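Structure at a glance
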Amino acid sequence: MNLATNVLLILDVIGVLAFALTGMVEGVRKGADLFGIGFLAFVTAFGGGTVRDLLLDRRPFFWVENEFWLWLLIGIAILAPFILRSRFIEITEKTVRWPDAVGLGAFSANGTLIALESGESVLVAALIGVVTAGVGGIIRDLLINRLPQAIVDHEFYLVIALGGGLSISLFGSMGMPLAWAAVLAALLVTMGRMLSMIRGWKLPPIA
Amino acid sequence: MNLATNVLLILDVIGVLAFALTGMVEGVRKGADLFGIGFLAFVTAFGGGTVRDLLLDRRPFFWVENEFWLWLLIGIAILAPFILRSRFIEITEKTVRWPDAVGLGAFSANGTLIALESGESVLVAALIGVVTAGVGGIIRDLLINRLPQAIVDHEFYLVIALGGGLSISLFGSMGMPLAWAAVLAALLVTMGRMLSMIRGWKLPPIA
Amino acid sequence: MNLATNVLLILDVIGVLAFALTGMVEGVRKGADLFGIGFLAFVTAFGGGTVRDLLLDRRPFFWVENEFWLWLLIGIAILAPFILRSRFIEITEKTVRWPDAVGLGAFSANGTLIALESGESVLVAALIGVVTAGVGGIIRDLLINRLPQAIVDHEFYLVIALGGGLSISLFGSMGMPLAWAAVLAALLVTMGRMLSMIRGWKLPPIA
């Protein structure tokens, strides 16, 4: 197991946990039952990576190949009621935005790195990173019947993921090992997303 | 053609017919036109099996490989207006629940059995059964723009499919041939679902 | 590069451009931001072809294999604000129907021709043409949270695509080269769709 493999695994764990959390929180907000919440967590956490594997023709899918992922999700589902009932977390519309920013960074870096290692070009690899980071949340929003936030909210979101993906190739061309470049890009994307949330930056209207 | 192949085929036919019927009924309720109804029947009937084949990397897809399925669906579509116009069936929100329960049993058993025969583990196979049984209905609900019932209605639904999938491995470990275990599981899931509908059992709220 | 390859490429370019335009227009109407509009254009333009490649097991996907498509889309996205701000195009609910008719013809012919060349039967090939033509618009409608127009509006839409796909095999059986038959079918579908829009033809209610 080399450096890149370790980095990819760590980014995957962080992204899966962060997006599973956002799926659970939205499920609770919508009054879903235990299995509905588990299902939402499942598709939000694994949706992006599954589409990534589909696009790159990697089989079997990562969660079919390695049961570790399913046990991780079952563990989360068992802990969830205790976490969500506690008074420490207030469940509001904005609660999910913080873990979502973490997942955005982890998955955009992860998707781009895997695509680059599969021999894809700089642009295709960055777009696969965007898809890996964005698809889970879009499916989650569709399942709870709201307009996908990534599309309509005029915030810096997918554009930050795109910038992060492109930056991996940039750092790589400057001599940095791609695995470290991915770690750096994940941090930059998460921090950039959080900063834009705090500052309330908006994209300009188009027309 | 051995026993398992026959059982899989029969479960597929039952599941496809049952879910196609639910898609048609919802299409009629939404005022869709003939081709809209045919399309809803198509995705509801074939959605789960197509995602199953995708996850297990089985190609070509079952309805691409064998045209029998398409002719079956065309036959249903031609008969549909006569069935749905008759006074014997009253089209209400609850009408679809009975064929849906039959499809749930057939597809959860079918998906789990195929996955077990492909060498997947007990847990992964049962989850692929849940996906095979659940995806068609979730796509159907999304296309008619309502919250997926499987997620929000607090009824015993996907959890019964999961139990059925796990029971196939359990019966198998007790010495029963897997094909018979799948038939038994399909019956148990359908009966369990119908019983929970009649009794009005609900899952407890999570938070 | 033979005749069929050229025809397929031209139909692809026309279909991608036409459907990308419909995605952009709907994005503007929903008040999406620049990246939301780009994403809607992307899934509307590439959704159908990606599902087609998935069903026929063609890898890598056409837009992963050939970056030309991505640069085309980026070009459209850069030009979009100028086009959409101009006074020449009025953005109404009906604006998208004209490019949509062009995309319907191009993609139904393209999908059917590729499927026939992959050895699929007449019926399966025509249905893959319908899927190629219809999936992009259905995903677009789902993402902007409305009932898919192809299913509920009672207009002649998917049925025309189906007729066009079947006509390719019919023309072929009469001795016409399949590539020319596809060009003819694309023209017939687009003209048939536009004629049915102008005349306001409706499918009869089913029940």
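Calculation notes
- Residues numbered from 1 in each chain as written.
- Chains lettered and ligands numbered in written order.
- Predicted model: local features only at pLDDT ≥ 70, side-chain atom pairs only at ≥ 80, totals over all residues.
- Helix = DSSP H or I, 4+ residues; strand = E, 2+ residues; numbered from the N terminus.
- Rg over C-alpha atoms; globule rule 2.2 N^0.38 Å.
- Buried ≥ 20, exposed ≤ 12 C-beta atoms within 10 Å, placed from the backbone.
- Contact = placed C-beta atoms within 7 Å.
- Nonpolar A, V, L, I, M, F, W, Y, C, P; charged D, E, K, R; others polar.
- Least-squares fit on C-alpha atoms with pLDDT ≥ 70 in both.
- Core = buried A, V, L, I, M, F, W, Y, C linked by C-beta atoms within 7 Å.
- Expected span 1.5 Å × (residues − 1).
- Axes fitted to C-alpha atoms, helices over the stretch in contact; angles between N-to-C directions.
- Parallel < 35°, antiparallel > 145°, perpendicular 65-115°, else oblique.
- Left-handed = near helix turned anticlockwise from the far one by under 90°.
- pLDDT = per-residue confidence, 0-100.

Next up on the list: the overall build of chain A. Helix and strand counts for chain A stand at 9 helices and 0 strands. If you list the helices and strands of chain A from N to C, you get α-α-α-α-α-α-α-α-α. A compact globule built from 207 residues should have a C-alpha radius of gyration of about 17 Å, and chain A, at 17 Å, falls within 12% of that. In chain A, buried positions account for 54% of the 207 residues.

Taken residue by residue, the interface counts 24 residues in chain C and 18 residues in chain A. Among the elements of the structure, α2 (34-55), α4 (68-85) and α6 (122-143) of chain C are those that each provide at least two residues to the side of chain C that touches chain A. Here the side of chain C that touches chain A takes 6 residues from α2 of chain C, the largest share from any one element. Class assignment for the residues of the side of chain C that touches chain A results in 16 nonpolar, 3 polar and 5 charged.

On to the relation of the copies chain B and chain A. The two copies are related by a screw motion: chain B maps onto chain A through a turn of 120 degrees and a shift of 0.0 Å along the axis, at an RMSD of 0.0 Å. What the rotation and shift describe, once combined, is the action of a three-fold rotation axis.

Moving on to the nonpolar core. Soluble globular proteins tend to pack their nonpolar side chains together in the buried interior. If you look at the biggest cluster of nonpolar residues, it comprises 213 residues, and the most contacted ones within it are Ala182 of chain A, Ala182 of chain B together with Ala182 of chain C. Not counting the four nearest positions on each side in its chain, Ala182 of chain A is found in contact with Val7, Leu11, Ala109, Thr112, Leu113 and Ile168 of chain A.

All names here are of chain C. For helix α5 (residues 97-117), with 21 residues, the first-to-last C-alpha span of 30 Å sits near the 30 Å given by 1.5 Å per residue. Burial of α5 is extensive: 18 of the 21 residues sit out of reach of the surface. Phi turns positive, to about 90 degrees, at Gly119, one or two residues after α5.

Now for the interface of chain B and chain A. With 18 residues of chain B at the interface, the matching set in chain A holds 24 residues. For the side of chain B that touches chain A, the elements supplying multiple residues, two or more each, are α6 (122-143), α7 (149-152) and α8 (158-173) of chain B. When residues in the side of chain B that touches chain A are grouped by element, the largest group, 4 residues, is from α6 of chain B. Here the side of chain B that touches chain A is built from residues that sort into 14 nonpolar, 2 polar and 2 charged.

So, on to the relation of the copies chain C and chain A. Aligned on chain A, chain C shows an RMSD of 0.0 Å; the corresponding rotation is 120 degrees and the shift along the axis is 0.0 Å. Residue by residue, only 4% of the interface of chain C is reproduced at the interface of chain A, so the copies engage with different surfaces.

In a regular helix each residue adds 1.5 Å, so 27 residues correspond to 39 Å; helix α1 (residues 3-29) of chain C covers 39 Å between its end C-alpha atoms and thus fits that length. The first or second residue beyond α1 of chain C is Gly31 of chain C, which carries a positive phi of 70 degrees.

Here we take up unusual backbone geometry. Positive phi values are uncommon outside glycine, yet Asp57 of chain A reaches one of about 60 degrees. For Asp57 of chain A, a count of 13 C-beta atoms within 10 Å corresponds to the partly exposed category.

Residues and elements named next belong to chain C. Viewed as axis vectors pointing N to C, α5 and helix α8 (residues 158-173) meet at an angle of 40 degrees, and their least axial separation amounts to 9 Å. On the basis of their axis angle, the class for α5 and α8 is oblique. The interaxial crossing formed by α5 with α8 has right-handed handedness. The residues of α8 that touch α5, namely those facing Leu104, Gly105, Ser108, Ala109, Thr112, Leu113 and Leu116, are Ala161, Gly164, Gly165, Ile168 and Ser169.

Residues and elements named next belong to chain A. Residues of chain A with pLDDT of at least 70 account for 93%, and the chain-wide mean is 85. Looking at the elements of chain A, mean pLDDT is at its lowest for helix α3 (residues 62-65), recorded as 73, and at its highest for helix α9 (residues 178-199), recorded as 94. With a pTM of 0.81, the predicted complex shows an ipTM of 0.73.

Below, the discussion takes up the packing of helix α1 (residues 3-29) of chain B against helix α5 (residues 97-117) of chain B. Residues and elements named next belong to chain B. Put simply, α1 and α5 touch, their axes get as near as 8 Å, and they point 145 degrees apart. The way α1 lies across α5 gives a crossing that is left-handed. For the pair formed by α1 and α5, the contact residues are Ala4, Leu8, Leu11, Asp12, Ile14, Gly15, Ala18, Phe19, Leu21 and Thr22 on the first element and Pro99, Asp100, Val102, Gly103, Ala106, Phe107, Ala109, Asn110, Leu113, Ile114 and Glu117 on the second. Counted by class, the contact of α1 with α5 contains 14 nonpolar, 4 polar and 3 charged residues.

Residues and elements named next belong to chain A. Its place among the elements puts Ser167 in helix α8 (residues 158-173). Classification of Ser167 as buried rests on a count of 20 C-beta atoms within 10 Å. Separated by 22 residues in the primary sequence, Ser167 and Val189 place their C-alpha atoms 10.0 Å from one another. Residue contacts for Ser167: discarding those within four places in its chain leaves Ala185 and Leu188.

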